[in-house]
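# Examination of the molecular architecture
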Amino acid sequence: MVWPKTGGKNGRRAMTRFSGWNVLWNGLTGQKGWGRQWRDPEPKSSYDVVIVGGGLHGLATAYYLAKNHGVKNIAVVEKGWLGGGNAGRNTTIVRSNYFMPGNREFYEHSLKLWEELSHDLNYNVMFSQRSHVSLLHSPAAVDAAARAYNTMVLTGTDAELWGLDELKKNVPHLNFGPNVRFPIFGAAVQKRAGTARHDAVAWGFARAADQLGVDILQNCEVLGVTRDGGHVTGLETSRGAIAAGKVGFAVAGNTSRLWDMAGLGTLPIESHKLQAFVTEPVKPLLDQVVVFGVGGAHFYISQSDKGGMVFGGDIDWYKSYAQRGALPIVQDVAECATAILPCLGRLRLLRHWSGVMDMSMDGSFFICKTPLDNLYLNAGWNYGGFKASPGSGWYFADLIANDRPLKEIANHDLKRFERGINIDERGAGPDPKLHG
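Just so you know, these numbers come straight off a predicted model, no measurement behind them. (Residues numbered from 1 in each chain as written. Predicted model: local features only at pLDDT ≥ 70, side-chain atom pairs only at ≥ 80, totals over all residues. Heavy atoms only, no water.)

## Some points on the confidence of the model for the protein
The line we're drawing: The predictor attaches a confidence to each residue, and that confidence, scored 0 to 100, is pLDDT. The criterion used for residue contact is that any of the two residues' heavy atoms lie within 4.5 Å.
Across the protein, the average pLDDT comes to 93, with 97% of residues at 70 or higher. Counting interchain partners and residues more than four positions distant, the pLDDT-below-50 stretch residues 1–11 has 16 contacts.

## Focus: the environment of Phe182
The test is simple: Helix and strand definitions follow DSSP, with helices as H or I runs of at least four residues and strands as E runs of at least two, each counted in order from the N terminus.
Along the chain, the position of Phe182 falls in the loop between α5 (164–170) and β6 (186–190). Sequence separation of Phe182 and Leu212 is 30 residues, and the distance between their C-alpha atoms is 51 Å.

## Points about the pairing of strand β13 (residues 289–294)
Counted only if it meets this: In short, DSSP must find at least two bridges between two strands for them to pair.
Pairing geometry for strand β4 (residues 132–136) and β13, over 3 bridges, is parallel. What sits directly across from His132, in β13, is Val289. Note: β13 against strand β14 (residues 297–303), 5 bridges, orientation antiparallel. Paired with Phe292 across the strands is Phe299, a residue of β14. If you look at the hairpin formed by β13 and β14, you'll find 2 residues sitting between the two strands, and Gly295 has a positive phi there, around 55°.

## Details of the sheet that holds strand β5 (residues 160–162)
Put simply, the rule reads: Lines fitted to C-alpha atoms define the axes, with helix axes restricted to the stretch in contact, and inter-axis angles between N-to-C directions lie between 0 and 180 degrees.
Read from one edge to the other, the open sheet built from 8 strands follows the order β5-β6-β4-β13-β14-β15-β12-β16, with strand pairing classed as mixed. The open sheet has two edge strands, β5 and β16 (349–360), and neither has a second partner. Ignoring which end each strand starts from, the neighbouring axes of this sheet average 25° apart. Inspection of the sheet shows strand β12 (residues 269–279) paired to strand β15 (residues 309–319) by 5 bridges, in the antiparallel sense. Residue pairing across strands places Val278 opposite Val310, the latter belonging to β15.

## Concerning the pairing of β15
Threshold: Burial classification: accessible surface area is computed with a 1.4 Å probe over protein chains only, and a residue below 20% of its type maximum counts as buried, one above 50% as exposed, and the rest as partly exposed.
Judged by how many residues are buried, β15 sits mostly within the fold: 8 of 11 residues are covered. Pairing between β14 and β15: 4 bridges, direction antiparallel. In the strand pairing of β15, Ile301 is matched with Phe311. In textbook terms, the turn of a hairpin is the stretch between consecutive antiparallel strands, and for β14 and β15 this stretch comprises 5 residues, one of which, Gly307, has a positive phi near 105°.

## Some thoughts on the side chain of His57
For clarity, the cut-off: Any pair of nitrogen or oxygen atoms within 3.5 Å is treated as a polar contact; in protein, a donor-acceptor pairing is required on top of that, and neighbouring residues in sequence qualify only through side-chain atoms on both sides.
When you line up the elements, His57 lands in helix α2 (residues 56–69). By relative accessible area, which is 10% here, His57 ends up buried. Within polar-contact distance, the side chain of His57 engages the side chain of Ser392 at 2.7 Å.

## Some remarks on the environment of Leu65
Relative to the assigned elements, Leu65 resides in helix α2. For the pair Leu65 and Leu113, spaced 48 residues apart in sequence, the C-alpha to C-alpha distance is 15 Å. Among residues more than four places away in sequence, those in contact with Leu65 are Val49, Ile51, Gly70, Val71, Ile74, Ala397, Ile400 and Ala401.

## Side note on a nonpolar patch on the surface
What counts, and what does not: Here, patches come from residues exposed beyond 30% relative accessible area and free of salt bridges, joined within 9 Å for like charges and within 5 Å for nonpolar side chains (Val, Leu, Ile, Met, Phe, Trp, Tyr). To measure how exposed things are, a 1.4 Å probe is used in the Shrake-Rupley method; for residues, cover is taken only from the protein chains shown. By convention in these notes, a salt bridge is any Lys or Arg side-chain nitrogen within 4 Å of a carboxyl oxygen on Asp or Glu.
A cluster of nonpolar residues, Trp21, Leu24, Trp25 and Leu28, forms a patch on the protein surface that exposes about 460 Å² of accessible area. Mapped onto the elements, Leu28 comes out in helix α1 (residues 20–28). Overall, Leu28 belongs to the exposed group, its relative accessible area being 65%.

## Observations concerning the packing of aromatic side chains
Each aromatic ring pair is described using two quantities: the centre-to-centre distance and the angle formed by the ring planes. Selection criterion: Aromatic rings from Phe, Tyr and Trp, taking only the six-membered ring of Trp, are treated as a pair when their centres fall within 6.5 Å; an angle between ring planes under 30 degrees marks them as stacked, one over 60 as edge-to-face, and anything in between as tilted. By definition, being over a ring means that NZ of Lys or CZ of Arg is both within 6 Å of the ring centre and within 35 degrees of the ring normal.
Here the structure, examined in full by the defined rule, presents 22 aromatic pairs. For the ring pair Phe277 and Phe311, a centre distance of 5.5 Å and an interplane angle of 15° mean the geometry is stacked. With a gap of 34 residues between them, Phe277 in strand β12 and Phe311 in strand β15 connect regions that are remote in the sequence. Accessibility expressed as a relative area gives 7% for Phe311, which makes it buried. Three or more aromatic residues link up through ring pairs in this structure, and these residues are Tyr98, Phe106, Tyr107, Phe365, Trp381 and Tyr395. Lying across the ring of Trp317, Lys433 places its NZ or CZ 5.2 Å from the centre.

Given below as structure tokens:
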């Protein structure tokens, strides 16, 4: 059916629900039944909750606040356009193969949300569960993976180990030669993992949140945070002052800037840029996400639906807010790519970009309250931001609505280091740049 142009709930246009019938009907009627997917409202003078950051975490938080907790008066404030930050600048990998308590439960819940997200949002986020294959390069690496993956299996997460025969059968064009730079001994595999389309995720959350009454305010940069003692009263923005009952920060690599605006000093976070690449399209080559990390090298790759090979590696070790790449990492990642998949050597790069990562001291995130009684923090995602998007929104919305964390994220707060808690998956120590 074709919905009317006007007359939606509270004056909003009724949403066209996507279905096979709607696609067919609009194809037969000149494609005239598709409306705008979300509104472009003017800011109100005040909101019950304002989420700063119109990326995946901010949009997901607003959606779950409205859907799960019935909050009616919500705004998402974004300085640019939706998905213009890290949401559109990542390699789209989704997985839950985490080992540490807290991380393990959080990412497994997030993966379960991913598995139903297209149906939940009525928007195809193109989630493809194609397997995440972590290559192992020594007998010690095989033993360590067995310990971690056995823990995952015992706590409800799917995981398995592949020997060389199984790996050669599934990914035959890896470099299995006898005298290679990175000899392969097997792989740790999560079959439910995969990739999704980052733009579609942003649009799906924005569309669904808008229909629940959320105001999405693009080109609305936060210029200042107004306080009354230990309480945030509102935000100064490029589109005027906005009063707020509660405020949530979900701005990834720009977290320190907002934190400083709130007058809160320093954070245990550093901003580093992470570069990513995509090649020209080729015929189907790689059915899985393939990852390896050994001897200072780090590399991950998958093939997009358009045929491009999407890959990345280590962050730049120097701190930066830049969204552009640098040549030393280009060389490093290209060497990793051709070492493990020599067949990539003749491909040409099509695009190259970077996002700004909020790297924490132990490589794990913060979803927590802050020293200000109505300000909440969502930050420190390191490499885990995209895969965490639904789970992050779910848990952050619950924290904002109920003013206390759920048990799964109770230790993901700013004071965990004072309590001697380090949620360090890699055992890399208190150096943010090492947690890539």
